[in-house]
Amino acid sequence: NVICRQTDQANNVSDITEGFSVLIDKGPLLKNITTENPNGKYSKGVKIKGFINFRVPVKFQSGAKLKLNIGDYVNIENPTTESNKFEFIYEIKQNDKTNLLNIEEFPTTVLYKNKEDNVSLTDDINIKANRTIEVDAIPLEVDTDSFELPDTNKLTINFNKKISKNVSGDITLSIENDDLI
């Protein structure tokens, strides 16, 4: 509360005026970055829909983009429209890979009440603070060019990444090249 008195040139002091409240707003503009995708591992073609949330309405410069830690840039949707919430969509492409999706570069300037203001990312304000999004769009490949069937009648095939079988039963491999038989 702010309470005022007035003193004139003759040093006469007025009565105390009615008080009024003043709010000094110096909190960070950027609240958090979230995604509607649940925690998990995602592959090629999946869209990750994210949201940049501010405490108050702001605007970005036209053409504002984010750089993800996989190297891709994604557009911020409707960046010049004043809002508390901005959307971005990242579609996973073949060969994208990261254990924890996150934003690496963020526009450092936003317009707040038509004036430029600086914002910055921290570990607490990023995708990884809210979700564990793993991206693995590396195609499954066989690591070796030749196979040998040892005396044990077992065939060993090595792949470029871990694979698993979630149900019981046989795994069937089809061979398209007669030279491998």
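Only a predicted model underlies this, so the values are computations on that prediction, with no experimental measurement involved.

### Brief notes about the sheet that holds strand E4 (residues 65-68)
Step number 1: Pairing within the open sheet is antiparallel, and its three strands lie in the order E5-E4-E8. On the outer flanks of this sheet lie strand E5 (73-75) and strand E8 (103-105), each paired with one strand and no other. When the angles between neighbouring strand axes are averaged without regard to direction, this sheet yields 50°.
Step number 2: Pairing of E4 with E5 involves three bridges; the strand directions are antiparallel. Each residue of the ladder has a partner; that of Leu66, found in E5, is Val74.

### Quick notes on the pattern of salt bridges
Step number 1: Taken as a whole and assessed by the stated rule, the structure comprises seven salt bridges.
Step number 2: Between Lys67 and Glu105 there is a salt bridge, with its nearest N and O atoms 3.8 Å apart. With Lys67 in strand E4 and Glu105 in strand E8, the pair connects residues that are 38 residues apart, well separated along the chain.
Step number 3: Between Lys97 and Asp136 there is a salt bridge, with the nearest N and O atoms lying 3.9 Å from each other. Taken as a pair, Lys97 in strand E7 (residues 97-98) and Asp136 in strand E11 (residues 133-136) lie far apart in primary sequence, 39 residues in all.
Step number 4: Given the relative accessible area of 40%, Lys97 is considered partly exposed.
Step number 5: Asp136 sits in the buried class, given a relative accessible area of 10%.
Step number 6: A network of salt bridges, in which partner residues are shared, links Lys41, Lys97 and Asp136.

About the cut-offs
- Along each chain, the written sequence defines residue order, and numbers are assigned to residues from 1.
- The predicted nature of this model means local features are confined to residues of pLDDT at least 70 and side-chain atom pairs, given and counted, to a pLDDT of 80 or more, with totals for whole chains, interfaces and linings taken over all residues.
- With hydrogens and water stripped out, all remaining heavy atoms of the structure feed into the side-chain values.
- For two strands to be treated as a pair, DSSP must find no fewer than two bridges joining them.
- In DSSP terms, a helix is any run of H or I states spanning at least four residues, a strand is any run of E spanning at least two, and both are numbered starting from the N terminus.
- Note on geometry: axes are lines fitted to C-alpha atoms, helical ones only across the stretch in contact, with angles between N-to-C directions running from 0 to 180 degrees.
- For this analysis, a salt bridge means a side-chain nitrogen from Lys or Arg found within 4 Å of a carboxyl oxygen belonging to Asp or Glu.
- For the exposure calls, accessible area comes from a 1.4 Å probe over protein chains only, and a residue counts as buried if that area is under 20% of its type's maximum, exposed if over 50%, partly exposed in between.

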